[in-house]
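What the coordinates show
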Amino acid sequence: MIQFSKVDKIYQNGTVALKDINLKIKEKEFVSIVGPSGAGKSTLIKILIAEESPTNGQIVVGEINITRLKPSRIPYYRRKLGVIFQDFKLLPRVTVYENIAFAMEVSGEPSKNIKIIVPKILSLVGLVDKKDVFPEELSGGEVQRVAIARALAHQPKILIADEPTGNLDPKTAWGIIQILLKINELGTTVIMATHNKEIVNRLQKRVVAIERGTVSYDKEVAGYVL
Amino acid sequence: MTLAGIKRIFKMGARNFWRNGWLSIAAVFVMVITLFILSLFVILNIGVNETVKKISEKIDLSVRVKDNAPIEKINSLKTAIGQEQGVGNIYFKSKEQAWEEFKNLNEKNKEISSELEPGDNPLWASLEVKLNDPNKLQKIVDIAETEQYRSIVDKVNYREKQNIFETLVKFTNFIKKAGLSLTIIFVGISFLIIFNTIRITIYSRREEVEIMKLVGATNWYVRAPFIFEGALYGIIGAIACFIIIFTSVYFVSPMMTKYWTVISQSNSMDYLKDRLFLIISLEILTGIFIGTLSSAIAIRKHLKRV
C-alpha cells in the first residue's frame, strides 16, 4: 500500500536527513517507526504527507505516486490521510467541536455530513462531554485525543501519528495507544513515529528503526531495539 | 467549489474583516478618500468639458474678407481652413447676406431701419467658422493670416473673446492633470494600506492557514477569503463614498444650478443624477479592483509556501 523506493532527502543546507530508504507498508498494518531525535523520523513523515518532497527516489501511496504529484493535487491527496502532529496543530480560539468541523469544512465536506460525523468521532475518542471546551482548558491526553479525532474526520485509510505520546504520563500514553489500536482494528493503516521504549515493547507490532537517515532494523513483531 | 464552500469563504473573509478592527477602518477610510477624489475628478471633468463645449459653440471665428477679393482666392482659403481638424463648419457669407441678416435682426428697430438706404451697405463679406476643438483656434487664425491670403483677408474677429477662452482651456487642462495625479497618488496609498492590512491578516492567521493546508484545503480555498476581504474594503468604501457624494450634490446643487443654467440651460442635479449611476458603478468597480489586486499581490508575496 505504501512503498518507499530509494528515497533520499538532502536539505538545502546540505544536511542529509534520509539516505536510501526502502520501505513497504501493507494495508491495515500497525508500524512503529523508532529512532533517536534527529534520525529522520519527522522528515519521513513530512515526505509522506507531501509537506516536503524527496531529493531522489519514489513514494507510492495506494495508486498515487506522490513524488510526481502536481501541487494542485496535493490537497486531495492529504484528504486521504489522517495526520496527528507532534505539536497537535489545533486552533486555539475555537472549541473542540469546531476544530474537528473546521478540518472537514476546509476539505469541502457538506455541513449536513459534518453534523453527523463529528459527534460520532467524539464518542469514539471519548470526548463527547468536552465538545464545547477550548483546547487550552483540556489536559494533555485530551488534547491528543482531539488531534486524533480530527485526523479521523475524513475517515482516512492511513493514519499517521508523529510522537502521539510525546509529553504524556505512561498511563495516559497507553490510553492513546489503545485508541490507535482500536482504529487499526477497524481497518486503518497506522504509522506511528515514537521514541517511547515502553510502549513499543508492550505493543509487539512491526518496528522500523531509523538511524542516521537509514533503516537500520525492520521486524514484524518486535520491541524497541536501539 | 460547492455552495457550502463559497459560503464558508465569504464567512471567513467577513470574519477577518471584522477581527482586524482599526486596520479595516483605516483601509476603508483611505478607500473612501481615493474614490471620493476619483469621483470628484470625474464630475469636474464632465462639468468643465460641458462648459467648454457650450462656450466653444458660442465662439465662432469670423474671417472678414476684403470687398474686392476674387472668389477663387476666397474658396482656396475656405478649403484650407475646412481641411483643418477641429473645424466643424465653414461657410461663406456674402456682403449681401450680411446685410440681410443685419436688417432682419433690426427689423423691429424702426429707427435704424429707417436710417438705412438700400444703396449703401456698410457691412462686409466673411468666412464663418465653427470650431469643435477650442485648442485649434490659434491654428485657424494663423492660416488666415499667412502671406498668401493677406490680399483678401481684412481681419480675423476673435480677439475680444480669446483671453477668457484661453484661460478656460488652461483651467480645464489643469483640472485634468491635477485630478489625475491626485487620483493616482491616492490609488497608490490605498493600495499600500490594503496590501499591508492583508499582510497582517495573513500573519495573524498563519497558524490557521498552515492547519488548513495540512488538513487538505486547496490553495484557492486558502486564498479566497483574503481576496474577498480586500474586495470588501472596496465595496464598503464605495458605498460610503456614494453616500458622501449624493449628500454633497444634494446640498451643492442649488448653487450649481445658477452657474449651470447660464452655461447650458440645464439643471445640475438632473445632469448629475443621470450620471450618478455611472459614477457609483465606477466607484464600486474601482474599489473592488484596488482591493482585490492589492490582496492578491499580498497573498502572492506572503503565502508562497502555501
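Note that the structure is a prediction, hence the values are computed from the model and not measured.

Notes on the overall build of chain A
Looking only at helices and strands, chain A has 7 helices and 10 strands in total. If you take every contact in chain A between residues at least 6 apart in sequence, the share linking residues at least 24 apart comes to 66%.

Digging into the overall build of chain B
For chain B, the helix and strand inventory stands at 10 helices and 4 strands. Along its sequence from the N terminus, chain B presents helices and strands in the succession α-α-β-α-β-α-α-β-α-β-α-α-α-α. Counting over 306 residues, chain B shows a buried share of 28%.

Comments concerning the nonpolar core
Core analysis: the biggest nonpolar cluster contains 104 residues, and A:Ile100, A:Ala149 and A:Ile160 have the highest contact counts within it. Here this core gets 12 residues from one element, more than from any other, and that element is helix H9 (residues 219-264) of chain B. When near neighbours in sequence (up to four residues on either side) are disregarded, A:Ile160 contacts A:Ile45, A:Leu48, A:Ile49, A:Leu81, A:Gly82, A:Val83, A:Ile84 and A:Ile191. Formed by 16 residues, the second largest nonpolar core is a distinct cluster that contains B:Ile90, B:Leu131, B:Leu137 and B:Ile152.

Quick word on unusual backbone geometry
Residue and element names in this part refer to chain A. Phi angles above zero are rare outside glycine, and Lys28 is one such case at about 65°. Of note, Lys28 is situated in the loop between strand E2 (16-25) and strand E3 (30-34). A tally of 14 C-beta atoms within 10 Å means that Lys28 is categorised as partly exposed. The backbone phi angle of Lys89 is positive, close to 55°, even though this residue is not glycine. The residue Lys89 is located in the loop between strand E6 (81-84) and helix H3 (96-106) in this model. The class for Lys89 is partly exposed, based on 18 C-beta atoms found within 10 Å.

Considering the interface of chain B and chain A
Counting from both sides, the interface comprises 13 residues of chain B and, opposite them, 13 residues of chain A. Listed by contribution, the elements that provide at least two residues to the side of chain B that touches chain A are helix H1 (3-19) and helix H8 (206-214) of chain B. It is H8(B) that provides the largest number of residues to the side of chain B that touches chain A, a total of 4 residues. Across the side of chain B that touches chain A, the residue classes tally to 7 nonpolar, 4 polar and 2 charged.

Thoughts on the sheet that holds E6(A)
Residue and element names in this part refer to chain A. One open sheet holds the 6 strands; their spatial order is E6-E7-E8-E3-E9-E10, and the pairing between them is mixed. One side of each edge strand has no neighbouring strand; the edge strands of this open sheet are E6 and strand E10 (214-219). Taking the axes of each pair of neighbouring strands and ignoring which way they run, one obtains an average angle of 15° across the sheet. Alignment of E3 against strand E9 (residues 206-211), held across 4 bridges, turns out to be parallel. By the bridge assignment for E9, Ile33 is matched with Val208. Its contacts with the sheet place helix H1 (residues 41-48) against E3, strand E7 (158-162), strand E8 (189-194) and E9, and it is angled at close to 150° to E7. Where helix H5 (residues 140-152) meets the sheet, its contacts fall on E6 and E7, and the angle it forms with E6 comes to roughly 165°.

Describing the pairing of E6(A)
Residues and elements named next belong to chain A. With burial as the criterion, each face of E6 is covered, one bearing Leu81 and Val83 and the other bearing Gly82 and Ile84. Where E6 and E7 come together, 4 bridges link them in parallel fashion. Pairing of Gly82 across the sheet is with Leu159, part of E7.

Examining the environment of B:Val87
Residue and element names in this part refer to chain B. Here Val87 is to be found in strand E2 (residues 87-93). Judged by C-beta crowding, with 18 C-beta atoms within 10 Å, Val87 ranks as partly exposed. In the structure, Val87 is positioned 50 residues away from Leu137 in sequence and 9.1 Å away in space, judged by C-alpha atoms. Beyond its immediate sequence surroundings of up to four residues, Val87 is in contact with Ile81, Gly82, Val129, Leu131, Lys136 and Ile140.

Quick word on the packing of H3(A) against H5(A)
Residue and element names in this part refer to chain A. In contact at an axis separation of 8 Å, H3 and H5 are set at 30° when each is read in the N-to-C sense. In terms of orientation, H3 lies roughly parallel with respect to H5. Viewed along their axes, H3 and H5 form a crossing whose handedness is right-handed. Here H3 contributes Val96, Asn99, Ile100 and Ala103 to the contact with H5, which in turn contributes Val146, Ala149 and Arg150. Among the residues forming the contact of H3 with H5, the class breakdown is 5 nonpolar, 1 polar and 1 charged.

Some details on the sheet that holds E2(A)
Residue and element names in this part refer to chain A. Pairing is antiparallel across the open sheet formed by 4 strands, whose spatial order is E2-E1-E4-E5. What marks the edges here is a single partner per strand, and that holds for E2 and strand E5 (64-65). Pairing of strand E4 (residues 56-61) with E5, which is carried by 2 bridges, proceeds in the antiparallel orientation. Note on E5: the bridge partner recorded for Val61 is Ile64.

Re the packing of H5(A) against helix H6 (residues 170-185) of chain A
Residues and elements named next belong to chain A. Running from N to C, H5 and H6 point in directions that differ by 15°, and their axes come no closer than 9 Å. When the axes of H5 and H6 are compared, the pair comes out roughly parallel. Crossing angle aside, the handedness with which H5 passes H6 is right-handed. Across the interface between the two elements, Gly140, Gly141, Gln144, Arg145, Ile148 and Leu152 of H5 pack against Thr172, Gly175, Ile176, Ile179 and Ile183 of H6. Residues belonging to the contact of H5 with H6 are distributed by class as follows: 5 nonpolar, 5 polar and 1 charged.

Section: the pairing of E2(A)
Across 6 bridges, the pairing between strand E1 (residues 2-10) of chain A and E2(A) is antiparallel. Counterpart to A:Val7 in the pairing with E2(A) is A:Ile21.

Focus: the environment of B:Phe10
Residues and elements named next belong to chain B. Assignment of secondary structure puts Phe10 in helix H1. The class of Phe10 is partly exposed, set by 14 C-beta atoms lying within 10 Å. Sequence separation of Phe10 and Phe228 is 218 residues, and the distance between their C-alpha atoms is 6.8 Å.

Side note on the confidence of the model for chain B
In low-pLDDT regions, the fine details of the predicted coordinates are not to be read closely. Looking at chain B as a whole, the pLDDT averages 79, with 83% of positions reaching at least 70. Overall fold confidence (pTM) sits at 0.68, and the ipTM for the predicted complex is 0.84.

The rules we used
- Residues numbered from 1 in each chain as written.
- Chains lettered and ligands numbered in written order.
- Predicted model: local features only at pLDDT ≥ 70, side-chain atom pairs only at ≥ 80, totals over all residues.
- Helix = DSSP H or I, 4+ residues; strand = E, 2+ residues; numbered from the N terminus.
- Contact = placed C-beta atoms within 7 Å.
- Buried ≥ 20, exposed ≤ 12 C-beta atoms within 10 Å, placed from the backbone.
- Core = buried A, V, L, I, M, F, W, Y, C linked by C-beta atoms within 7 Å.
- Nonpolar A, V, L, I, M, F, W, Y, C, P; charged D, E, K, R; others polar.
- Pairing = 2+ DSSP bridges.
- Axes fitted to C-alpha atoms, helices over the stretch in contact; angles between N-to-C directions.
- Parallel < 35°, antiparallel > 145°, perpendicular 65-115°, else oblique.
- Left-handed = near helix turned anticlockwise from the far one by under 90°.
- pLDDT = per-residue confidence, 0-100.

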